[in-house]
Amino acid sequence: MPHQILSREEVAKNNSEESLWLIIDSKVYDVTDFLDAHPGGEAVLKQVAGQDATEAFYNLHRHEVLTGKYASLCIGTLEGEQAQVITRQPGELSVVPYGEPMWLTPQFRSPYYKDSHRRLQKAAREFTDLYITPVAQECEKSGEYIPQHLIDRMSKAGILHMRLGPGKHLHGVELLGGVVKGEEFDCFHDMVLGQELTRANARGFLDANMSGMAISLTAILQFANDDAFKKKIADECFSGRKKICLAITEAFAGSDVAGIRTTAEKTKDGKHYIVNGTKKWITNGVWCDYFVTGVKTDKGLSVVLIERGEGVETKQIKTSYSTTAGTAFITFDNVKVPVENLLGVENKGIHVILSNFNHERWMMASGVIRTMRKECMKWANQRMVFGKKLMDQAVIRQKLAKMIAHCEANQAWLENITYQMTLMPYSQQATHLAGPIALLKMFATRSAHEVADESVQIFGGRGLTQTGMGSVIEMFNRGYKFDAILGGAEEVLGDLGVRQALKSMPKSML
Ligand SMILES: Cc1cc2nc3c(=O)[nH]c(=O)nc-3n(C[C@H](O)[C@H](O)[C@H](O)COP(=O)(O)OP(=O)(O)OC[C@H]3O[C@@H](n4cnc5c(N)ncnc54)[C@H](O)[C@@H]3O)c2cc1C
């Protein structure tokens, strides 16, 4: 049926099972054939037959319901009326108060961001909205791994390169159509991209989206002992042809990295290592070609790159987020690894392992801080209970106040630490910022705990439901714990932060 211009009187006549129309925000919907299929039952549709159902609709649904598979039910627009509900188009900023960090709020200024950060933010948001979010939502539900077409698209846009943070690997690479030069890319660009990617709101998929690469390829770039080897692996991974992950944790060694038991014994001719052992919870491991692996050599820890092949087996581990992340249990059974695959110095692998932790932890903190900025303001302003908006309840406003304070405090600390990072080479960051980054991640996930708890209270039953209005909240409540454990549990990071601080305590005060 062509799109029609209709009057309220015409709509009102279509108020029976034979022809049932209703109005939502100045648009007319014919739901006659949808009565049986309506997930909320047909009775509620009959109650608003021929009427304006805008308030009833937004009290129960997300706006996306109208733009998704039900868009075809729209048959017309009311004569002389305009939509009142503001909807965000792909790439646009939210207009909900505190829906964006302060630097993206028009009335505020920030000393940290240049035009290139703003250009990157805009391009990354558009890319996420258009290409990542739809795939992420599908994969999160189906548990399927990230499709190659998306990896290819991200590779072409330079997103895979950018995931590793600033560095020479970005030089000469076209980044999201040239919005920023690889040579200029700094820690704020890194933060902006990371925060935008989290907006796909699919915690399992966030890790499925090449997180394994983001925390492991850095070890190749920094510690591969042969340039040709480094270039080959980097080219294969940045192009998306091959996948790589970080395999450190074992059943016996999680927080206590030094306790790993996987062994690598040199063959008599000194040309190979023979690797035996297991690894647990390895992100993307199920579908990876390369494993940056922590092993025990004769006098300490070492890190080697293991290629999938004879003796390597991976099995999916089911966790409380989606299997799309490809979390793996890995068995290495007499795997022959060329000695050229050693990263860094033999028996000094702890240096390789620790070197990446700061970026990984900062990246995770940055992500969870962005994801914390939830939909509660919008919902509290929309949901009617006991005849008034939730927002009209003082106790709800108190909850929102606490959540806002957590979001803003975390973002401000993150920006300050990020600024310090822009002033220091990576080696200095390890000395001066490992502690603050550890404390930031600890604080961010403690805040996320508070925010998740209050969000579920504000959304009620919907906050515990995987579809519909509260799905974002349900996902956050299930997902933030990953950030509280992975890359260092809160307790371990808190302890590290304080121990690092004690190193600079003046002796005379002790
Ligand atoms: C989904 C998922 C994906 C992961 N991806 C990867 C990956 O890609 N690569 C990889 O190598 N690893 C990965 N990990 C492992 C992750 O980094 C570890 O789970 C984490 O380091 C904690 O180790 P653990 O689970 O063995 O806990 P444990 O070390 O057993 O610690 C359990 C708890 O004890 C407490 N605790 C531990 N030590 C201390 C201490 N010193 N002081 C006070 N309290 C303490 C903490 O509360 C901690 O949560 C992943 C894990 C999961 C669940």
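Residues numbered from 1 in each chain as written. Predicted model: local features only at pLDDT ≥ 70, side-chain atom pairs only at ≥ 80, totals over all residues. Heavy atoms only, no water.

The number of helices and strands found in the chain is 17 helices and 15 strands. Here the C-alpha radius of gyration of the chain, 26 Å, is about what a compact globule of 510 residues would show, namely 24 Å. The proportion of buried residues among the 510 residues of the chain is 52%. Pairs at least 24 residues apart make up 73% of the contacts formed inside the chain by residues separated by at least 6 positions. (Helix = DSSP H or I, 4+ residues; strand = E, 2+ residues; numbered from the N terminus. Rg over C-alpha atoms; globule rule 2.2 N^0.38 Å. Buried < 20%, exposed > 50% of the residue type's maximum accessible area, 1.4 Å probe, protein only. Contact = heavy atoms within 4.5 Å.)

This next bit is on the pattern of salt bridges. Opposite charge on two side chains permits them to pair, given that their charged atoms come into close proximity. Summed over all chains, the structure comprises 25 salt bridges. D129 is the partner of R199 in a salt bridge, and the nearest nitrogen-oxygen pair spans 3.8 Å. One end of the pair, R199, is in the loop between α8 (187-197) and α9 (203-208); the other, D129, is in helix α5 (residues 115-142), with 70 residues separating them in the sequence. Relative accessible area serves as the criterion here: at 16%, D129 is assigned to the buried category. In this structure, E307 engages K242 in a salt bridge whose closest nitrogen and oxygen atoms are separated by 4.0 Å. (Salt bridge = Lys/Arg side-chain N within 4 Å of Asp/Glu carboxyl O.)

A few words now on the site of the ligand. Contacts to the ligand come from 16 residues, most closely from L246, T249, S255, W281 and T283. Within the backbone of L246, a nitrogen or oxygen atom sits 2.8 Å from a nitrogen atom of the ligand. T249 has a polar side-chain atom sitting 2.6 Å from a nitrogen atom of the ligand. Expressed as a share of its isolated accessible area of 970 Å², the protein-covered part of the ligand is 66%. Of all the secondary structure elements, the ones that give two or more residues to the shell around the ligand are β8 (272-282), α16 (471-485) and α17 (490-503). (Near = heavy atom within 4 Å. Polar contact = N/O pair within 3.5 Å; in protein donor to acceptor, adjacent residues only side chain to side chain. Areas by Shrake-Rupley, 256 points an atom, 1.4 Å probe, with all protein chains shown as cover.)

Take the side chain of N14 next. Mapped onto the secondary structure, N14 falls in the loop between α1 (8-13) and β2 (15-16). N14 has contacts with S19, L20, W21, A49 and G50, leaving out every residue within four places of it along the chain.

Our focus in this paragraph is the UniProt feature "domain: Cytochrome b5 heme-binding" (unreviewed entry) in the chain. Here, the residues flagged by UniProt with the feature "domain: Cytochrome b5 heme-binding" (unreviewed entry) are residues 3-79. A distance of 12 Å separates the end C-alpha atoms of residues 3-79, which is 30% helix and 26% strand. (UniProt positions renumbered as here; feature names shortened; annotations may be inferred.)

Looking now at unusual backbone geometry. The phi dihedral of Y98 falls on the positive side, at around 65°, and the residue is not glycine. Following the sequence through the fold, Y98 ends up in the loop between β5 (74-78) and α5. Here Y98 falls in the partly exposed class, since its relative accessible area comes to 44%.

Before going further, it helps to examine the environment of S142. Relative to the helices and strands, S142 is located in helix α5. What makes S142 partly exposed here is its relative accessible area of 42%. In sequence terms S142 and T324 are 182 residues apart; their C-alpha atoms lie 7.7 Å from each other. A polar atom in the side chain of S142 sits 3.1 Å from the backbone nitrogen of E144.

Time to look at helix α15 (residues 426-459). With 34 residues, α15 should reach 50 Å at 1.5 Å per residue; the first-to-last C-alpha distance of 42 Å falls well below that figure. G460 occupies a position one or two residues after α15 and carries a positive phi of about 60°. (Expected span 1.5 Å × (residues − 1).)

This paragraph deals with the nonpolar core. Of all hydrophobic cores here, the largest spans 120 residues; its most connected members are L176, F205 and I244. With residues up to four places along the chain from it excluded, the contact list for I244 reads G212, M213, S216, L217, I220, I233, C237, C288, Y290, V292 and L305. Among the nonpolar cores identified, the runner-up in size contains 16 residues, and V31, F34, L66 and L73 belong to it. (Core = buried A, V, L, I, M, F, W, Y, C linked by side-chain atoms within 4.5 Å.)

With that settled, consider the packing of helix α12 (residues 349-371) against α16. Each pair of packed helices can be summarised by the angle the axes make with each other and by the distance between the axes. In contact at an axis separation of 10 Å, α12 and α16 are set at 160° when each is read in the N-to-C sense. Judged by the angle between their axes, α12 and α16 are roughly antiparallel. Note on packing geometry: the crossing formed by α12 with α16 is left-handed. Residue-level inspection shows M364, V368 and T371 of α12 in contact with α16, the latter providing F476, F482 and D483. (Axes fitted to C-alpha atoms, helices over the stretch in contact; angles between N-to-C directions. Parallel < 35°, antiparallel > 145°, perpendicular 65-115°, else oblique. Left-handed = near helix turned anticlockwise from the far one by under 90°.)

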